[in-house]
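# Coordinate analysis (summary)
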Amino acid sequence: MTQMIPMDGLAPLPGALGGAAPRLSRRAKAAIVVRLLLNEGADIPLEDLPEELQAHLTKQMGSMRLVDRDTLADVVDEFSQELERIGLSFPGGIAGALDALDGKISRRTADRLRKEAGVRASGDPWTRLRGLEVDRLLPVLQTESIEVGAVLLSKLDVSAAAELLGRLPGPDARRITYAVSQTGAVTPDAVDRIGLSLASQLDAQPLRAFDNDPVERVGAILNSSTSITRDDVLEGLDETDAGFADLVRRAIFTFANIPQRIAPRDIPRVLREVDQAQLVTALAGAEAAGLADTAEFILENMSGRMADQLREEMGEAGKLKTTEVEEAMATMVSVIRRMEAAGDLLLVVPEDEADG
C-alpha cells in the first residue's frame, strides 16, 4: 500500500513526532499515532488540548487516507523512542501551571497571576463548579436568572442540587424546578458559555481576609467576654448601629441561651464533655447570676441520680466568686461551641430567626 498523505504547507504540531519517516510532517505523524491509539480502544483526553490544536488534528485526519505498514512502523517506533526520552513534562502556559499548582499555592497568588496573564482556569468550567461548596454556589443561584439557575442545578451532583434547592425560598425553588423541565432544548455551547460565565464570576470575587463575617466574629469575641463587657459593648452597638447589634445578639451564645438552643436530649452528651468541678461551679453560681432557670433546665434533663449528686455538691460549694462562676459558664459554652463546630451537636434555631 502506498501512503496517500498531503505533505505541503503543514506546520509542526507542538509535542508531536519528528526525526524518522521524514516524508511526513509532524502533524501527520501525530494524526497517525492518534488514529492507531483510537483503533486500539485507548481513551485519549484530546479535549484537554487547546481548541486550535484539536481543530488542526481533526482537519489533518480528515485529509489522510491510507498509510502503508512500513510507514506506520516507522512512526510508531519514533513515537516510542520519544516517549522513552521524556523524563519530565510540564503543563503548557501559565493556565496549565496554575492548574497543576492548584491547592499548593495560595489562592491570592493564583488569582493575581491569572489576572496578570489574562487567563482563566482551563478545562471544563463545570468540573470546577461541581467541586465548590454549596455556600459559594448559593449566592450565584440567588442572583442569576431562573434559566441560568436551572442549568446550574442540572449540571451539579444530585445531592448538591438538592441542598441548594432546599435553601431557597419556596416560590424560588418551585420556579427553578419548573425551569429545569424546560432545559431540554439547551445546546451544549450554551451550557458551556453559562459555565464559563459562572466560573468567571467566582474568579472575579475579591478574596476575603476573614473566613467568617463580622457578625460571627464579634459574636464569638463577646461569647468569651464577661457579662459586664458583653452588655457594655452591646449597649454601645445599639447606639451606633442597632441593626448590627441585633444580628450580633442572635450570633451570641451564652450560658443563659442553653434552654432555648440546646435540645433536652442533648444535655447528657454535653455534660460528658464538661469537667465536673466546672459544672458544679457554673450550676452553683447560676442563681446569684440570675440564671437559675438555666441551671434547673440542665438538672432536669439528666439522670435523677446524677442530678441529686450535683445538687449535693452545689450545696457544699459555699460562696463562689463571680469571676469563678463566669469562667465555669464560659467553659461550658466553649464546649458546646466546639461540639457544634465538629458536627457533634446541632443547636436549635429560635423561631424568630427561623422565620426571618
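Refer to the preceding data block for the structure.
Read on for an overview of the structure. Since the model is a prediction, treat every value here as computed from it, not as a measurement.

Calculation notes
Residues numbered from 1 in each chain as written. Predicted model: local features only at pLDDT ≥ 70, side-chain atom pairs only at ≥ 80, totals over all residues. Heavy atoms only, no water. Helix = DSSP H or I, 4+ residues; strand = E, 2+ residues; numbered from the N terminus. Buried < 20%, exposed > 50% of the residue type's maximum accessible area, 1.4 Å probe, protein only. Contact = heavy atoms within 4.5 Å. Axes fitted to C-alpha atoms, helices over the stretch in contact; angles between N-to-C directions. Parallel < 35°, antiparallel > 145°, perpendicular 65-115°, else oblique. Nonpolar A, V, L, I, M, F, W, Y, C, P; charged D, E, K, R; others polar. Core = buried A, V, L, I, M, F, W, Y, C linked by side-chain atoms within 4.5 Å. Patch = residues over 30% accessible without salt bridge, like charges linked within 9 Å, V, L, I, M, F, W, Y side chains within 5 Å. Areas by Shrake-Rupley, 256 points an atom, 1.4 Å probe, with all protein chains shown as cover. Salt bridge = Lys/Arg side-chain N within 4 Å of Asp/Glu carboxyl O. Lys, Arg positive; Asp, Glu negative; His and termini not counted. Charge placed at Lys NZ, Arg CZ, Asp CG, Glu CD.

## So, the overall build of the protein
- Summing up its helical and strand segments, the protein has 21 helices and 0 strands in all.
- Counting over 356 residues, the protein shows a buried share of 32%.
- Contacts spanning at least 24 positions in sequence make up 71% of the contacts within the protein whose residues lie at least 6 apart.

## A few points about the packing of helix H1 (residues 26-39) against helix H3 (residues 69-85)
- Viewed as axis vectors pointing N to C, H1 and H3 meet at an angle of 90°, and their least axial separation amounts to 10 Å. If you check the angle between H1 and H3, you find them roughly perpendicular. Here H1 contributes Lys-29, Ile-32, Val-33 and Leu-36 to the contact with H3, which in turn contributes Leu-72, Val-75, Val-76, Glu-78 and Phe-79.
- Looking at the contact of H1 with H3, its residues break down into 7 nonpolar, no polar and 2 charged.

## Some remarks on the nonpolar core
- Counting residues in hydrophobic clusters, the biggest one holds 32 residues, and the most contacted among them are Phe-255, Ile-258, Ile-262, Leu-283, Ile-298, Met-332 and Ile-336.
- For this core, the secondary-structure elements that each account for two or more residues are helix H16 (267-272), helix H17 (276-284), helix H18 (292-300), helix H19 (304-316) and helix H20 (322-341).
- With 8 residues, the single largest contributor to this core is H20.
- Other than its neighbours up to four places away in sequence, Leu-283 contacts Phe-255, Ala-295, Ile-298, Leu-299, Leu-310 and Met-314.
- Core analysis: the next-biggest nonpolar cluster, separate from the first, contains 23 residues, Val-148, Leu-168, Ile-194 and Leu-202 among them.

## Brief notes about the side chain of Asp-266
- Within the secondary structure, Asp-266 is located in the loop between helix H15 (258-261) and H16.
- Leave out the neighbours within four places in its chain, and Asp-266 touches Leu-345 and Leu-346.

## Some details on a negative patch on the surface
- Together, Glu-51, Asp-124, Asp-189 and Asp-192 give the surface a local cluster of negative charge.
- Tracing the backbone through its elements, the reader meets Asp-192 in helix H11 (residues 188-204).
- For Asp-192, a relative accessible area of 32% corresponds to the partly exposed category.

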